[in-house]
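Analysis of the macromolecular model
One-letter residues, chain by chain:
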Amino acid sequence: MRKDSCRAGMSFVLSLAFSAFYGFIIYKAIGFLYAIGDDVIMRDIASGAFTGRPDGHLIFVKYALGFILSRFYLLNPQVDWYGFFMAGTLFLALAVILYRGLSAKKEILWKGLYLVLTLSLFTLVMVFHAAQFEWTVSAAMLGASGLYLYITKTESGKWQCILEEVLIWALLFLTFCIRTDVFFMVLPGFGISFLWKFVKGKKGVIKLCFLELVLPAAVFVTAGAVMLMESAAYKGEGWEEFRKFQEARTQVYDYSGVPSYEADPAFFDELGLSEHEARNLRHYALYLIEGMDWELMEAFCEESQRQNNMETGFLERIKGGISLALRQFVQKEYFPASLPMLLLLAGVLALAFLYEKRALFPLALFWMAEGVLWLALGYVGRLPERVAFSLHLTALLAMAACFYRLYEEEARGISLKIKAVTVSGLLVLILAGAVFQWKASADSNRMKAARDGNYQLFKDACKEEPEKLFFVETFMAEPIGGAAVTGRGNFAQNNCITLGDWYSTSPLDQERMKNLGIDDVEESIVSNPDAFLVVRDVEDPGFLGSYFAYKYPEYSLELREVKMIEDRCYYLYQIQR
């Protein structure tokens, strides 16, 4: 038993070493970039670039984790702790998957093949998402690797069992903290596996294994503690009003769509809003809409849903949801995860039919649960790329775990020739795909750094003039990522301010505005001699010019300066009184 425990401990240390080294290679060869603006904003909040001080209120990531990340910025404010953590979680998950094979009681050749296959498959499936990471995929990888370890966990030595259960608990804790929705996405797989382990049958006798209750109990107790901390962190009238604002804003901008002025002018007239303010709403310029608060956003939400329901009936939405879900299986961007998953599913079905038909029952339950989840998310239109990929990733690692478990139990019944042909074929296919993905990821990172990363360089340039305020259109800035993860960053408070986003009206945003000396955004733009409106690439203020010409006909919008950041132009306008 002691020998088994030492082997398990050494295997985990080796797995961490292999994984960390591979992560270092990817970081140095390709780099880590923020895929989307949400992560950039949460990084800015944690680092202090948002409010002027490190803060754990990351809104989407649980406060328990956000607080810990924000403390690291106090230790060294130049290191991008948030970025290294979110990218690093993918390699922690890889280490867990490697651990399973390296801790097995197998010969060196078997472990070597497992190592090569796992690293190659990780490269095929995940190198793009490591090079351009996002919090949803990080949470999914952690949760799915925990599911892989749980399904493949067998009765072993006491200390090895404890190590594995602690690892699974830690992975689920991190998944829950990073994105709770993803935690519930992987939960059906855990539930089905738990029942399979908890209820054991032998020779017609049903036996309940109560030791299996320890892990789920620990997970849910921890989740409860995290939620209690979350409730305490977001307590107060300001946070309660922001929660209502956020729920309504999510529905408007992420799902049902911004209400159209042309579809119902009377709605906007009743609210005392002009066509220009309706256009500001469409451009996410929330600070340029008079009276913007949670009640007004809820009114927009109700109108948005009414217009959407008028355009799309119940049956049409069901058909649209099914169509949306099915499209995720034929889109090529998901092939690196979906095609290996289908191969593994075929292998699982073959092994189950040939050797263990009783395994077909939990397999069928899993795919029923996955199917319901796909269709439900399709129906409500909540299948953006990162969510769909997370579902593919969960299914892939669940099928990999089932294949590993069945193969381990029935390996003696499979001829050596079949094993050699299967492994050789898989290795060639996966290696070829991994090489292609590596090159594609490197090319994509170069393009994204040149295109989207340019705005991050502009933000840093603005910090060199801290007395000035730069107001930018939201869609020019925050929907994109492009920021590079670095150990020598500048996380001083940003004086480059978008005209609205998901954090608008929050206590965090109010603290930011106070520190920047802004009482009212529109008033600052109009009256502050150090305030500028920023337009990129095209020398035309667009909807901003139309709005200010309508609202302040006695003033004019004048071009004051052009900043050149690498090969892109930023046009700085001011109100001429």
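See the structure printed just above.
Okay, so let's go over this structure.

Calculation notes
- Residues numbered from 1 in each chain as written.
- Predicted model: local features only at pLDDT ≥ 70, side-chain atom pairs only at ≥ 80, totals over all residues.
- Heavy atoms only, no water.
- Pairing = 2+ DSSP bridges.
- Helix = DSSP H or I, 4+ residues; strand = E, 2+ residues; numbered from the N terminus.
- Axes fitted to C-alpha atoms, helices over the stretch in contact; angles between N-to-C directions.
- Buried < 20%, exposed > 50% of the residue type's maximum accessible area, 1.4 Å probe, protein only.
- Contact = heavy atoms within 4.5 Å.
- Parallel < 35°, antiparallel > 145°, perpendicular 65-115°, else oblique.
- Nonpolar A, V, L, I, M, F, W, Y, C, P; charged D, E, K, R; others polar.

Here we look at the sheet that holds strand β5 (residues 469–472)
Two modes of strand pairing occur in sheets, parallel and antiparallel, and in both the strands are linked by backbone hydrogen bonds. The strand order across the open sheet formed by five strands is β6-β5-β7-β9-β8, and the pairing between neighbours is mixed. Strands with a single pairing partner mark the edges of an open sheet, and in this sheet they are β6 (496–498) and β8 (556–565). Each adjacent strand pair in this sheet contributes to an overall mean axis angle of 35°, direction not counted. Where β5 lies against strand β7 (residues 531–536), four bridges are found, and the strand directions are parallel. Along β7, the bridge assignment pairs Phe470 with Phe532.

Details of unusual backbone geometry
With a phi close to 70°, Ile59 is a non-glycine residue in the positive phi region. Residue position: Ile59 is located in the loop between α2 (37–47) and α3 (63–75). Owing to a relative accessible area of 15%, Ile59 belongs among the buried residues under this scheme. Its identity is not glycine, yet Glu566 carries a phi of approximately 55°, on the positive side.

Considerations on the side chain of Ser274
With respect to the helices and strands, the residue Ser274 is situated in the loop between α11 (265–270) and α12 (275–282). Look at Ser274 and you get buried, because its relative accessible area is 11%. Excluding residues that lie within four positions of it along the chain, Ser274 makes contacts with Tyr261 and Tyr550.

Observations concerning the packing of helix α15 (residues 335–355) against helix α16 (residues 360–379)
One can describe the packing of α15 onto α16 by two numbers: an axis separation of 10 Å at closest approach and a directional angle of 150°. By the angle class used here, α15 and α16 are roughly antiparallel. Together, Met341, Leu345, Val348, Leu349, Ala352 and Phe353 of α15 and Leu360, Leu363 and Trp367 of α16 make up the contact between the two elements. Here the contact of α15 with α16 is composed, by residue class, of nine nonpolar, no polar and no charged.

Observations regarding the environment of Gly517
For Gly517, the position within the fold is in the loop between α21 (507–515) and α22 (521–527). When its relative accessible area of 57% is taken as the criterion, Gly517 is described as exposed. Spatially, the C-alpha atom of Gly517 lies 9.7 Å from that of Leu469, the residues being 48 residues apart in sequence.

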